[in-house]
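Listed below are the residues making up each chain.
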Amino acid sequence: MNGTAPEQVMTHVLEVGLEHLESDNPNGLPKIKGYNIINGQLTESSDGGTFETTNPAWQTDCLGVFPLSTKSDVHDALAAAGAAFPGWAATPAPTRGQIIGNMGRLLMEHKDSIVALETREIGKTLKESAGSVQEAIDTCLFFQSEGRRLYGQTVNSELPNKELFTYRRPLGVCGIINACNFPAAVPFWKMIPAIMCGNTCVWKSPQDAPLLSFALARIMHEAGLPDGVINLVHGKGSGAGQHLVDAVDEGLVNKISFTGSTAVGKMIGEVCGRNLVSASLELGGKNPLVVMPTANLENAVEGAYWAAFGTAGQRCTSLGNLIIHKDIYDSFMEMFMAKVESTTIGDSSRHPGVLYGPMLSEKYAKDFLIGVEMCKASGATHIFGKGRITNEKKPSGFLGDASEGVYMWPHVFVDVTEDMECFQEEIFGPVVTIVKADDFDHGLHLANASPYGLSSAIYTNDRLEAYRYKTGIKAGMTGINNSTTGAEAHLPFGGVKGSGNGTRESGIWVIEAYSYWHAVNDELSGKLQLAQMDVDEVEIEEADVDYSALS
Ligand code: UN1
């Protein structure tokens, strides 16, 4: 069956020196013993604790067993990152960039196997896993050449025989914590610029994607990364991730970069704030998409449908509130619901072409069902979706045996109003909450009415409306005649309001998050010259103007 691709990754990246554990995996794929990587060494948890990672599309398929890292494991990783920092920071930036380029090339070489592994571990469709891995490759290629720039400036002094310069300096040890929904793209968005700037990292892998994270960390080392520059620790729940955040209070961390929920992001922001440690926080979204009467309705339906249900709604950029102008509401809904009803769902590695696969894991499924109940309790009208898919209760487009995985129906709620909890709160999964707008101003008001401000979109062919939306929306990202998803690796990614603390990932903008500006002045005159005080005064010539006329 779908065996070849995941087996490749085992051979190329993981198998070297790795133990295959006994397994009765239904697909015949191996179950491996995974490790932390601390100072380049494969290590187990200090107390021997482990946890398993399973395939959400086929839950009896166990991918591997990983260390449940203890506080002392996390501290070992921090010590390794601290020890590696001076050497790595002193490595010329173009050399750092070259190693990053090698990572990109190795990812390209093994892309098919990594994609298959991502799909096996978190259930995303093969097409979407390929997108996530490509985003990681794009990031490497972008930052390979940034290693040859990383520009500072020369600045003119107000004093003679004196030179002023600015340099970008690395921050030190960075703690990296990411969610599992983009397990290749998002950690690369963080770690690639971090190491390009000369920092070292302790990466806490997402609990639902330890094997993919392990494979990526092995690739990074295979690309020539010195030991200790990136240290990987696995863990679950409030274990290793919390130990990493706690280490900020102990002065062992110089930066935390986190992608995940707003609640956890606020907690991390507080810890970092009281220690004056820099934090990059990419948090939740309740991304609005407005459809106006001049829009091409077919495109708008397609964009809204993809934004809501692609990735089973498990992107931070997924559509939350769909805001439809009242004049086109009925025709839009007729087309939209026809698509929703025909949604194909299943295990993409066995049923290519499905729109979406299972939830990322059982934990995401549980939280999603709580969200669906919250929509009902909010008073919204529930017009489609029946919770978890079972063989007895499945949509017409479901393919395969529902009892094997953790699949959800697509859900649609209408008659939503801005005072409802389901309008205000992010629900991570395949659900859309639909609101009717009276006119453009009302639509824009609704788009701004949630506590979040990550992504946003409008479908309109009225250029003034598009302009007014673009200037009136409070969001980090806006699509015009496009869905809410689809950020590219060289545009700034991030949000405002409850979606983050204003830091950005990607492109040249992310460099600000992983470096500080160092201003240097070089006095060449051979004497002490005081800024502001020893500056030659320039005589202003008396102008022939009668200023008294102004009063
Ligand atoms: C995320 O969900 O955390 O723009 C990242 C997008 C993707 C990245 C999403 N390129 O939807």
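Residues numbered from 1 in each chain as written. Predicted model: local features only at pLDDT ≥ 70, side-chain atom pairs only at ≥ 80, totals over all residues. Heavy atoms only, no water.

The end-to-end C-alpha distance of helix α2 (residues 71–90), which contains 20 residues, comes to 29 Å, matching closely the 28 Å that a straight helix rising 1.5 Å per residue would cover. If you look at α2, its biggest bend is around 40 degrees, right at A84, and the proline P86 turns up within four residues after that. Every buried residue of α2 is listed here: D73, V74, A77, L78, A80, A81, A84 and W88. (Helix = DSSP H or I, 4+ residues; strand = E, 2+ residues; numbered from the N terminus. Expected span 1.5 Å × (residues − 1). Bend = angle between axes of the 7 residues up to and from the residue. Buried < 20%, exposed > 50% of the residue type's maximum accessible area, 1.4 Å probe, protein only.)

Time to look at empty space enclosed by the protein. Per the stated rule, a full pass over the model turns up four cavities of 30 Å³ or more. The computed volume of the largest cavity comes to approximately 90 Å³. At the level of secondary structure, the elements contributing two or more residues to the lining of the largest cavity comprise β15 (319–325) and β18 (431–437). A per-class count over the lining of the largest cavity returns six nonpolar, six polar and three charged. (1 Å grid on protein atoms, 1.4 Å probe; cavity = no way out; pocket = protein on both sides within 12 Å on 5 of 7 lines; lining within 4 Å. Points joined across faces, edges and corners; volume = space filled by probe spheres on them. Nonpolar A, V, L, I, M, F, W, Y, C, P; charged D, E, K, R; others polar.)

Here we come to the nonpolar core. Ranked by internal contacts, the top residues of the largest apolar core, which has 73 residues, are V291, F309, L322, F332, F336, V412 and I434. No other element matches the eight residues that helix α10 (residues 297–309) contributes to this core. Once residues lying within four places of it in the same chain are set aside, the contact partners of I434 are L322, I324, Y329, M333, F336, V412, F413, V414, D415 and V416. (Core = buried A, V, L, I, M, F, W, Y, C linked by side-chain atoms within 4.5 Å. Contact = heavy atoms within 4.5 Å.)

Turning to helix α11 (residues 329–341), a few remarks are in order. Residues lying three or four places apart along an α-helix face the same way, a consequence of the helix completing one turn every 3.6 residues. Look at α11: 18 Å from first C-alpha to last across 13 residues, which is about the 18 Å you get at 1.5 Å a residue. All of the buried residues along α11 are Y329, F332, M333, F336, M337 and V340. Each buried residue of α11 lies within a common arc of 120 degrees when the element is viewed along its axis, so the set occupies one face. Next to the buried residues of α11 lie β14 (287–291), α10, β15, β16 (381–384), β17 (411–414) and β18. (Arc of directions from axis to C-beta.)

Quick look at the layout of surface pockets now. If you add up the space inside the largest pocket, you get close to 1,100 Å³. Elements with a minimum of two residues in the lining of the largest pocket: α8 (240–249), β12 (255–259), α9 (262–274) and α12 (362–378). At seven residues, α12 tops the list of elements feeding residues into the lining of the largest pocket. In terms of residue class, the lining of the largest pocket is made up of 19 nonpolar, 13 polar and seven charged. Roughly 570 Å³ of internal volume is contained in the second largest pocket. Lining the second largest pocket are 28 residues, and of these E128, G131, F182, W306 and R315 sit closest to its centre. For the lining of the second largest pocket, the secondary structure elements donating two or more residues are α5 (126–146) and α6 (185–196). Per-element accounting of the lining of the second largest pocket gives the leading share, seven residues, to α5. Viewed by domain, the lining of the second largest pocket spans two of them, domain 1 (71–282) and domain 2 (287–489), each represented by three or more residues. (Domains from an automatic or database assignment.)

Before going further, it helps to examine the pattern of salt bridges. For the structure on display, the rule yields 14 salt bridges. For E512, the salt bridge goes to R168, with nearest N and O atoms at 2.9 Å. Of this pair, E512 sits in the loop between β22 (496–497) and β23 (515–523) while R168 is found in strand β8 (residues 162–170), placing the two residues 344 residues apart along the sequence. Residue E505 pairs with K190 through a salt bridge whose shortest N-O separation is 3.1 Å. Separated by 315 residues along the polypeptide, E505 in the loop between β22 and β23 and K190 in helix α6 bring together distant segments of the chain. Judged by its relative accessible area of 0%, K190 falls in the buried class. In this structure, a network of salt bridges that share partners links the residues D347, R350 and E404. (Salt bridge = Lys/Arg side-chain N within 4 Å of Asp/Glu carboxyl O.)

So, on to the domain arrangement of the protein chain. Under the domain assignment used here, the protein chain contains domain 1 (71–282) and domain 2 (287–489). Averaged C-alpha coordinates put domain 1 and domain 2 at centres separated by 31 Å. The interface of domain 1 with domain 2 comprises 18 residues on the first partner and 22 residues on the second. Summed over the three residues of domain 1 that lose the most area to domain 2, namely T125, E128 and N181, the buried surface amounts to 30% of that side. Our count for the domain 1 to domain 2 interface comes out at one salt bridge. For R315, the salt bridge goes to E128, with nearest N and O atoms at 3.0 Å. Taken together, the links from domain 1 to domain 2 amount to five residue pairs in polar contact (both at pLDDT 80 or more). For the side of domain 1 that touches domain 2, the secondary structure elements donating two or more residues are α4 (111–122) and α5. (Buried area = accessible area lost by both parts, 1.4 Å probe. Polar contact = N/O pair within 3.5 Å; in protein donor to acceptor, adjacent residues only side chain to side chain.)

Residues other than glycine predominantly adopt negative phi, and peptide bonds predominantly adopt the trans conformation. Positive phi values are uncommon outside glycine, yet L150 reaches one of about 40 degrees. With respect to the element layout, L150 can be found in the loop between α5 and β7 (153–156). Of note, the phi angle at N161 is positive, near 55 degrees, even though the residue is not glycine. Along the chain, N161 turns up in the loop between β7 and β8. On the basis of relative accessible area, N161 is assigned to the exposed category, the value being 54%.

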